[in-house]
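Given next are the chains, with one letter for each unit.
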Amino acid sequence: RSINNRTKLVTIEVALPGVKKDDISLKTLPTWFNLTGYRGNIEYSANQSWGTTIVPEKTEAKYESGLLKITAHIKDPYEDAVELKL
């Protein structure tokens, strides 16, 4: 896992040798994700924290040659802030 606060991105790479793209399930919430993949009788599984809060709607995943690469945008903690009048 790589967290880059300068670019506001989290990148995770997972090796899933021999797993077909259709046999992978990836679900995400703002603070963690769930990954499962199947190759015959072998199951790959992970419930992992992002290590920060991310924006699920801006998360992308690519799978090529047995390598899953997930890129998520870090949520700006002030994005939903309300400015108070003094």
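Here Asn-34 lies in strand 4 (residues 32-39). Among the polar contacts listed, one links the side chain of Asn-34 to the side chain of Asn-47, at a separation of 2.5 Å. Excluding its chain neighbours within four sequence positions, the residues that come into contact with Asn-34 are Ser-25, Leu-26, Lys-27, Ala-46 and Asn-47.

Right, let's get into the sheet that holds strand 3 (residues 24-28). Read from one edge to the other, the open sheet built from three strands follows the order 3-4-5, with strand pairing classed as antiparallel. Looking at the sheet topology across the chains shown, the edges are occupied by strand 3 and strand 5 (42-49). When strand polarity is set aside, the average angle formed by the axes of neighbouring strands in this sheet is 5°.

This brings us to the pairing of strand 6 (residues 60-64). Sheet topology note: the strand 6/strand 7 (residues 67-73) ladder contains five bridges and is antiparallel. The partner of Glu-64 across the bridge, within strand 7, is Leu-67.

Relative to strand 4, strand 3 runs antiparallel, the two sharing five bridges. Its bridge partner lying in strand 4, Ser-25 is registered against Thr-36. Here strand 3 hands over to strand 4 after three residues, the two strands then running antiparallel side by side.

Side chains of nonpolar character tend, in soluble globular proteins, to be buried together. Core analysis: the largest hydrophobic core is formed by 15 residues, its most contacted members being Leu-16, Trp-50 and Leu-68. At the level of secondary structure, the elements contributing two or more residues to this core comprise strand 2 (9-15), strand 4 and strand 7.

Calculation notes
- Per chain, the residues get numbers from 1 upward, laid out in the order the sequence is written.
- Side-chain atom pairs in this predicted model are given and counted only at pLDDT of 80 or more, local residue features only at pLDDT of at least 70, and totals for whole chains, interfaces and linings cover all residues.
- Only heavy atoms go into the side-chain values, all of them from the structure, while hydrogens and water stay out.
- Strands here are runs of E lasting at least two residues and helices are runs of H or I lasting at least four, both read from the DSSP assignment and numbered beginning at the N terminus.
- Counted as a polar contact is a pair of N or O atoms within 3.5 Å, where, for protein atoms, one must be capable of donating a hydrogen and the other of accepting one, and residues adjacent in sequence contribute only when both atoms are in side chains.
- Contacts between residues were defined by any pair of non-hydrogen atoms, one from each residue, lying within 4.5 Å.
- Two strands pair under a simple rule: DSSP has to find at least two bridges between them.
- The angle between two axes is taken between their N-to-C directions and runs from 0 to 180 degrees, where each axis is a line fitted to C-alpha atoms and a helix contributes only its stretch in contact.
- Each nonpolar core is a collection of buried residues, namely Ala, Val, Leu, Ile, Met, Phe, Trp, Tyr and Cys, held together in the definition by side-chain atoms within 4.5 Å.
- Buried means the residue's accessible area, taken with a 1.4 Å probe over protein chains only, is under 20% of the maximum for its type, while exposed means over 50%, and partly exposed covers the values in between.

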